[in-house]
Amino acid sequence: MPLGIRRLAGISALIGCLLLGSCGTSGEEVCDRPLVSSLPPSSFRSSSQLSISHGPVFAKVNRREGAGGWSPLISDRYQWLEVDLGRRTQITAVATQGRYGSSDWLTAYLLMFSDTGHNWRQHRQEDSLGAFPGNSNADTVVQYKLEQPVIARYLRLIPLDWNPTGRIGLRLEIYGCRYTSDVANFDGSSSLVYRLSVRPSWMAMEIISLKFKTQKNSGTLLHAEGLRDHSLTLVLEKGKLLLYHQQGVSSPSGGQLLVSLGSLLDDQHWHHVKLERLSTHLNLTVDKNTQQVHVPAELSHWHIHTLSLAAVQSHGLQKPILSNRNFHGCMENLLYSDLNLIHLAKHNSPQVTVVGNVTFSCAEPVSVAVTFTDSHSFLQLPGLTSWSSGLASVALQFRTWNKVGLLLTFDLPQQDGTVLLYLSEARLRLQISKAGRTPLELSTGSGLNDGQWHSVELNFRQDHLSITVDKDEGATAHTIIPLPLTAHSQLFFGGCPTQTECRNPFKAFQGCMRLLTLDDQIVNLISVQQRLLGNYSHLQIDMCGIVDRCSPSHCEHGGRCTQSWSTFHCNCSYSGYRGATCHSSTYEQSCEVYKHKGNTSGHYYIDVDGSGPIKPQLIYCNMTEDRTWMVIQHNNTELTRVQSSPERNQHFAHFDYSSEEEQLATIIGQSEHCEQELSYHCRKSRLLNTLEGSPFSWWVGGPGSGQVHTYWGGALPGSRQCACGLEDSCLDPSHYCNCDADYDQWTDDSGLLTHKDTLPVRSLVLGDIQRPGSEAAYRVGPLRCHGDENFWNAAFFDKETSYLHFPTFHGELNADISFLFKTTSSSGVFLENLGIKDFIRIELSSSSEVLFSFDVGNGPLDVRVQTHLPLNDNRWHSVRAERNVKEASLRVDDFPAATQEAPADGLIHLQLNSQLFIGGTASRQKGFLGCIRSLQLNGITLDLEERAKITPGVRPGCPGHCSSYGLLCQNQGRCVEKANGFSCDCRQSAFSGAFCHEEVSASFKSTTSVTYILKEPYEPSRNSSALPSSIYSDITLRAENVSLSFRTSQSPALLLHISSFYREYLTLLINKHDELELRYKLHSSRDVEVLSSTVGTLADGRLHTVTIRRLADTVSVQVDHNAREDFNLTADVEFNGIKSLTLGRVRESDGSDAELAGLTSLGFTGCLSGVRFNSISPLKAALHHPDSSVIVTGPLVQSSCGSSSPVSPYPAETTHSLSDQPGSVDPGQPLVNTIRSDSALIGGNVLHLSTNKNNSLWHDS
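All values reported here derive from a predicted model rather than from experimental measurement.

Things to note about the sheet that holds strand β28 (residues 427-434)
In step 1: Pairing within the open sheet is antiparallel, and its seven strands lie in the order β29-β28-β27-β26-β33-β24-β36. In this open sheet, the two strands that pair with only one neighbour each are β29 (440-444) and β36 (535-537). Strand-to-strand twist across the sheet, computed as the mean angle between neighbouring axes with direction ignored, equals 10 degrees.
In step 2: As judged from the four bridges shared by strand β24 (residues 378-382) and strand β33 (residues 490-493), these two strands associate in the antiparallel manner. By the bridge assignment for β33, Q380 is matched with F492.

Points about the packing of aromatic side chains
In step 1: All chains considered together, the criterion is met by 26 aromatic pairs.
In step 2: Ring geometry for W792 versus Y965: centroids 6.4 Å apart, planes at 80 degrees, classification edge-to-face. Of the two residues, W792 sits in the loop between β53 (783-788) and β54 (794-797) while Y965 sits in helix α8 (residues 962-965), which places them 173 residues apart along the sequence.
In step 3: Ring plane angle 40 degrees and centroid distance 5.4 Å describe the contact between F852 and F854, whose orientation is recorded as tilted. Here the two residues F852 and F854 agree in accessibility, since each one is buried.
In step 4: Three or more aromatic residues link up through ring pairs in this structure, and these residues are F797, F819, F821, F830 and F928.
In step 5: Across the ring face of F568, the terminal group of K886 is positioned such that the distance to the ring centre comes to 4.9 Å.
In step 6: Here the guanidinium or amino end of R947 rests over the ring plane of F806, the centre of that ring lying 4.5 Å away.

Notes on the pattern of salt bridges
In step 1: The full count for this structure, using the stated rule, is 39 salt bridges.
In step 2: With its nearest N and O atoms 2.4 Å apart, the salt bridge here joins R88 to E332. A residue pair is termed long-range when its members are at least 10 positions apart, and R88 in strand β3 (residues 81-97) and E332 in strand β20 (residues 328-336) qualify at 244 residues. An identical accessibility class is assigned to R88 and E332; each is buried.
In step 3: The residue R880 makes a salt bridge to D816 at a minimum N-O spacing of 3.4 Å. Residue R880 is located in strand β61 (residues 877-883), and its partner D816 is located in strand β56 (residues 815-822); the two are separated by 64 residues in the primary sequence.
In step 4: The class of D816 is buried, set by a relative accessible area of 2%.
In step 5: Through salt bridges with shared partners, a single ionic network connects R88, D115, K211, K213, E332 and E364.

Focus on the pairing of strand β63 (residues 898-901)
Two faces, one strand: in a regular strand the side chains alternate between the faces of the sheet.
In step 1: Sheet analysis places strand β62 (residues 887-892) next to β63, joined by four bridges and oriented antiparallel. Looking at the pairing, A888 lines up with Q900 of β63.

Description of the UniProt feature "domain: EGF-like" (unreviewed entry) in the protein chain
In step 1: According to UniProt, the feature "domain: EGF-like" (unreviewed entry) maps to residues 546-583 and 959-997 in the numbering used here.
In step 2: Helix makes up 0% of residues 546-583 and strand makes up 26%, while its end C-alpha atoms are separated by 26 Å.
In step 3: Counted over residues 959-997, helix gives 10% and strand 26%. Its end C-alpha atoms are 25 Å apart.

Some remarks on the nonpolar core
In step 1: With 64 residues, the main nonpolar core has I606, Y680, W712, L764, L783 and F982 as its most contacted residues.
In step 2: In this structure, Y1080, V1117, V1171 and V1190 belong to the second largest nonpolar core, which totals 47 residues.

Observations concerning the state of the cysteines
In step 1: What the rule picks out here adds up to 16 disulfides.
In step 2: The disulfide partner of C962 is C975, and the gap between their sulfur atoms is 2.0 Å. One disulfide, between C962 and C975, carries an S-S torsion of -90 degrees and so falls in the left-handed class. Residue C962 is found in helix α8, and its partner C975 is found in strand β68 (residues 974-978); the two are separated by 13 residues along the sequence.
In step 3: Of the residues examined, C975 reaches a relative accessible area of 19% and is grouped as buried.

Concerning the environment of D542
In step 1: With respect to the helices and strands, the residue D542 is situated in the loop between β37 (539-541) and β38 (560-563).
In step 2: Given the relative accessible area of 2%, D542 is considered buried.
In step 3: Spatially, the C-alpha atoms of D542 and H118 are 5.9 Å apart, while their sequence positions differ by 424 residues.
In step 4: With residues near it in sequence (within four places) discarded, D542 still touches G117, H118, N119, W120, V368, A369 and I526.

Quick look at helix α9 (residues 1154-1162)
In step 1: Residues L1156, L1159 and T1160 constitute the buried set of α9. All buried residues of α9 project into a common sector of 95 degrees when viewed along the axis, lining one side.
In step 2: Downstream of α9 by one or two residues, G1163 has phi in the positive range, about 70 degrees.

Some words on empty space enclosed by the protein
In step 1: Applying the stated criterion across every chain, the model contains six cavities of 30 Å³ or more.
In step 2: Looking at the largest cavity, its volume works out to about 70 Å³.
In step 3: For the largest cavity, the full set of lining residues is E206, I207, I208, L222, A224, L232, L275, R277, L282, W302, I304 and Y336.
In step 4: By residue class, the composition of the lining of the largest cavity is 10 nonpolar, no polar and two charged.

Brief notes about unusual backbone geometry
In step 1: Here S551 and P552 are connected by a cis peptide whose omega angle stands at -5 degrees.
In step 2: Inspection of the secondary structure assignment puts P552 in the loop between β37 and β38.
In step 3: In the segment running from L759 into P760, the intervening peptide bond is cis, with an omega of 0 degrees.
In step 4: One non-glycine residue, D519, lies in the positive phi region at around 50 degrees.
In step 5: Tracing the chain through its elements places D519 in the loop between β34 (511-518) and β35 (521-522).

Considerations on the confidence of the model for the protein chain
Detailed reading of the predicted model is not advised wherever pLDDT is low.
In step 1: For the protein chain, the mean per-residue pLDDT works out to 85, and 87% of the residues sit at or above 70.
In step 2: Segment residues 1016-1033 is flagged for pLDDT under 50; beyond a separation of four residues in sequence, or across chains, it makes 35 contacts in the model.
In step 3: Across residues 1205-1261, where pLDDT falls below 50, the model places 86 contacts with residues more than four positions away in sequence or in other chains.

Section: the side chain of S537
In step 1: Along the chain, the position of S537 falls in strand β36.
In step 2: Note on S537: relative accessible area 14%, which makes it buried.
In step 3: A polar atom in the side chain of S537 sits 3.5 Å from the side chain of Y78.

A word on the environment of E425
In step 1: Tracing the backbone shows E425 in the loop between β27 (417-424) and β28.
In step 2: Note on E425: relative accessible area 55%, which makes it exposed.
In step 3: Along the chain, E425 and V404 lie 21 residues apart, while their C-alpha atoms are 6.2 Å from each other.

Calculation rules
- Residues numbered from 1 in each chain as written.
- Predicted model: local features only at pLDDT ≥ 70, side-chain atom pairs only at ≥ 80, totals over all residues.
- Heavy atoms only, no water.
- Pairing = 2+ DSSP bridges.
- Helix = DSSP H or I, 4+ residues; strand = E, 2+ residues; numbered from the N terminus.
- Axes fitted to C-alpha atoms, helices over the stretch in contact; angles between N-to-C directions.
- Phe/Tyr/Trp six-rings, centres within 6.5 Å; stacked < 30°, edge-to-face > 60°.
- Buried < 20%, exposed > 50% of the residue type's maximum accessible area, 1.4 Å probe, protein only.
- Lys NZ or Arg CZ within 6 Å of the ring centre and 35° of its normal.
- Salt bridge = Lys/Arg side-chain N within 4 Å of Asp/Glu carboxyl O.
- UniProt positions renumbered as here; feature names shortened; annotations may be inferred.
- Core = buried A, V, L, I, M, F, W, Y, C linked by side-chain atoms within 4.5 Å.
- Disulfide = S-S within 2.5 Å.
- Contact = heavy atoms within 4.5 Å.
- Arc of directions from axis to C-beta.
- 1 Å grid on protein atoms, 1.4 Å probe; cavity = no way out; pocket = protein on both sides within 12 Å on 5 of 7 lines; lining within 4 Å.
- Points joined across faces, edges and corners; volume = space filled by probe spheres on them.
- Nonpolar A, V, L, I, M, F, W, Y, C, P; charged D, E, K, R; others polar.
- pLDDT = per-residue confidence, 0-100.
- Polar contact = N/O pair within 3.5 Å; in protein donor to acceptor, adjacent residues only side chain to side chain.

Given below as structure tokens:
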């Protein structure tokens, strides 16, 4: 092993050994020795004892002396048994046993530890649950091994529950081993300074570790100086550890804060701190929590030459982070790399200088605190005899997270009044109420629910009352109302007991109090605990049980944590996530998912890994009829010209993408296909040269920093060719790219890069640009990907005994599970994962109920969602379950979610160890029959298809999506099944777009004419994209369906005219009265039949929609949302030999109807949209599929004029921000809607098709 590695290994081993203080002669010691059996009687104390023979001294496991164990006088939760181990000891396990030969045993208990016999600290499992399981009989020994060893001298066991047919009975054993340490005490003006005598060689890692305890919430813990006046300072500020970086005199007074960690560290308990400096980052560990921070570049090769402990002892160039606030408390096992600095100081090492009064034992100030745990907590104290003089004072210190709570109340019997001192909105208020008078209120302080200790002083004089917070003169309130306190006064702290005259109109106080002082006399709370003074209920005396539920924070993804005494809350605003812990993403994972929720093209926030660490980002989703494209832009997607320059040989272009690196990689990885256009336009500018020569140009692409590639768009990786080389179509057959022909004319090499391993393009180098006459231009298009392999990953389970299995699911603190299913069965297990006791399961419990059940050690919890619609209808249904430390929730489709709160102080870790079963269980019972798709656990998709390929009874994939998504196809669009999803066939619709939802509209002038020639019938090929032609030439029609929308100010105006070979016709027009008129002439020798609608003012410039249906002689007409109007024809019912359909001006007339000829010659000026005659869409055919069936004359401009509100024919892109949306925003709503403004003028002399920029070239002049 190399020396450096061996030294680091030795350092780590020494740190672990010294921090635990259990190093034996061999460096290791099995720490499980029984400690109680050899202790003297003086080591045992208890709250009470039933008799001398039931005393605590008899509470030793497997001993039968006395009454066979300890039993208190009264069996309640205020009893305790205490053991003094004689010195600080490493404790690893505790065992309990009932009292011998009795029915007395504990079923649950709490453990408290202390170094001094005061200031107890409750031991918790998983930092949450405090209760330990006890016994089920009087004889069996039940041992509980602590998850982490505890260092303490005193142990106190508090019974919580016991055998209901007996009483509290206990025998006890404690297991552990000796603990040794080096301790130093600092009095606030003392310190240790370590200086390296020899400049060390640079080490890749430096470690400083120590343990400390203090009652002061601020002070400098350590200050490390190194090269070039760089320093790191670790300070305690308001009970938190802050790490700062400073550099010389140029550093600001506060330095640069690198990291903050820990909370409530001023609790006079030992806390472990470790600071690791590595070459690229720092690790700061406080107790069980570690946070990593990247170091400034100047610290990457930095090492310490001076280390100051408990103060800043520097050469004066740097300003201290905390001026004149040194550390006041104790430190233990202070290690720098392999040196024990306290040990060196004790032995007068010249490397360590002792400044001031440093002692090598820990001075433990005794301060007895009391914890008010719930709404039933109170402390009652009598008044003092000295109060008869009318002078009195009451003082206390408190800490809490709650904004509201009663601190103190007492009655004024002589004045029939009450005094209330309470917190409201985190301010301190004093209310004095007297009968028949308006209450007097004083208020002072603010932000008093920050968990810090705050002092309160009440001073009463005969004509004066003052209240002060934190000894701040500015936070003092006064009144001249006297408050006579007497020796008979009863003071109630924190709350009121039941059935007393004490009243509390506010919430009870939850928090800690200490240093309760009456007339400068500190109240002896131990006497209160022993029932020798006052009265109390639901208190924890001689400990402060405050817990910071926001450190570490359970709020994910930047959610802001706030807390009260019993719970915490996560504010997820602006994070992009939701749920009790901001765990679940608000957004979908791909454009494909948005499309299948019915969304159209636009910009959407995409969260590619769901609840994972990658942030959501805005991406353009292009929902086409057959594919859904994700379009990721970069900083230059335009065609960019490169001018020749003798001064430079190469042109470099770098592309920065709008998406982050992790998101790019995930999008490419989960897409079925990705592509990126790479184009080079050239004139005397070669591209790749020959296969043998060095390439002039290349590009870099792929994940991370990418790799160099020398092939071009449209060719194969590694080929060193362009698309023309692959197709054997280059200008010069001796080259493999058009540009390599080196012609003095414009040409190009363009194509798509489609190999995902080489995408995205990150940079481009163009080399042949320096010669005279060389001109070039390049374009790297946006990255485009379609197909979400995760969304369509599915498996079909066709046997109840079949299942898929995967590795154990790890969702200890947060678990979210989402999937889609479809089935015809009424029950079945979707998912199950078991542990020793814990489990998690999701199942279809009935045809209308999904059940989410789990157990994390607090007992099984069920969350159910019942639906009023069947779930076994063979359609896709979505399920989303989430479990975190606060709650569990279940959502099915869009039905209301069900939620169950977690126990306030229950176990929180989900501990599983079996395989994860999908579609069944390990017992092969209650298996699921049907399809499961897009199964994701904590944002990671399980590959069901790949596992199904090798599993009997399970098939990969699952067809049949139109039953679920077919309703998304609108306007007569037809749903078409695909292997992965569906598409909408819009060929029979007058609309286009992904869901046949986009209007096909055009602006008409008076000279515009669109004529659709109805040809002889033919059978279109299966793969033809052309619209089907008419089959009406030789067929008689007895029915028509006509629909269209229009916008015009013209009257009269012709909307639609259908003619036949037999001088029969159907005409739809707006007459001179601005009314809709339908003219039928179904017999050449009979008069025309005119059907007039009563709906008027149709030439008002607004959009109107008309629907006409004829069946034989019955005709119905509906305009907009008006009532349908019914008519009857009398002449004939057959429409024979249909010839053509015309929109706008009719160019040819048979001359049989002069009035009609006059109307048809007027044409139409305005907008037509969504025109459909039976299965024919003439306007769509003219704009999208111009062929011989359509004759267009005059200007025809495609536009969005058919929208419901007046729109410019050339609209711009509209951007919507979150703040623009009223109320809450549906995450499926596009934030940007892009309306394409490409317009076409078909017919006439001008073509107004916008030119693709790819085809833009600079031509010779």
